[in-house]
Amino acid sequence: MAERPEDLNLPNAVITRIIKEALPDGVNISKEARSAISRAASVFVLYATSCANNFAMKGKRKTLNASDVLSAMEEMEFQRFVTPLKEALEAYRREQKGKKEASEQKKKDKDKKTDSEEQDKSRDEDNDEDEERLEEEEQNEEEEEVDN
């Protein structure tokens, strides 16, 4: 836990970006208002986390999961946010699944490339050995002809 209440505030850059995205163009916000919103957002996050933690504890778990957060939102009477949160969660899961599949495909492609390079190297070595053997045979034949 944080030692001072100020340590619990969200980063100002994040709050400023969220505020700018939420307000129409040309609308400014004072430093005081930005600070108040930042503190309110921090209190909300702490309260939501505490409520979600209660659901995790009821489930005898130490890890909060998405269903705990959704349940907390309902308990805090923020039902209207549950549907958009579920949609955002599904989009996040799809994105993560896509990244995982892309990573696995990249690994497979790399493995195939490595296998192909190893096969090429092995083929080159075999060809070199074949060439050496042929040269030796030719030399042996020449030596036999010279001996005869």
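Look above for the structure.
First things first, this report covers the structure right here in the doc. Not measured: the values here are computed from a predicted model.

This brings us to the overall build of the protein. A count of helices and strands for the protein gives four helices and zero strands. Along the protein, helices (α) and strands (β) appear in the sequence α-α-α-α when read from the amino end. Within the protein, buried positions represent 10% of all 148 residues. Counted over contacts in the protein with a minimum sequence separation of 6, partners at least 24 positions apart contribute 36%. For the protein, the accessible surface area stands at approximately 12,800 Å², while carbon and sulfur atoms represent 49% of it.

This brings us to the pattern of salt bridges. The final tally for this structure, using the stated rule, is three salt bridges. Taking the shortest distance from any N to any O, the salt bridge between E90 and R93 comes out at 3.5 Å. Of the two residues, E90 and R93 are both situated in helix α4 (residues 82-147); the distance of three residues between them amounts to about one turn of the helix. With relative accessibility at 38%, the residue E90 sits in the partly exposed group. For R93, a relative accessible area of 45% gives the class partly exposed. As a salt-bridge pair, K99 and E95 come within 3.4 Å of each other at their nearest N and O atoms. Taken as a pair, K99 and E95 lie in helix α4 at a separation of four residues, close to a single helical turn. When its relative accessible area of 44% is taken as the criterion, E95 is described as partly exposed.

Definitions and cut-offs
- Residues numbered from 1 in each chain as written.
- Predicted model: local features only at pLDDT ≥ 70, side-chain atom pairs only at ≥ 80, totals over all residues.
- Heavy atoms only, no water.
- Helix = DSSP H or I, 4+ residues; strand = E, 2+ residues; numbered from the N terminus.
- Buried < 20%, exposed > 50% of the residue type's maximum accessible area, 1.4 Å probe, protein only.
- Contact = heavy atoms within 4.5 Å.
- Areas by Shrake-Rupley, 256 points an atom, 1.4 Å probe, with all protein chains shown as cover.
- Salt bridge = Lys/Arg side-chain N within 4 Å of Asp/Glu carboxyl O.

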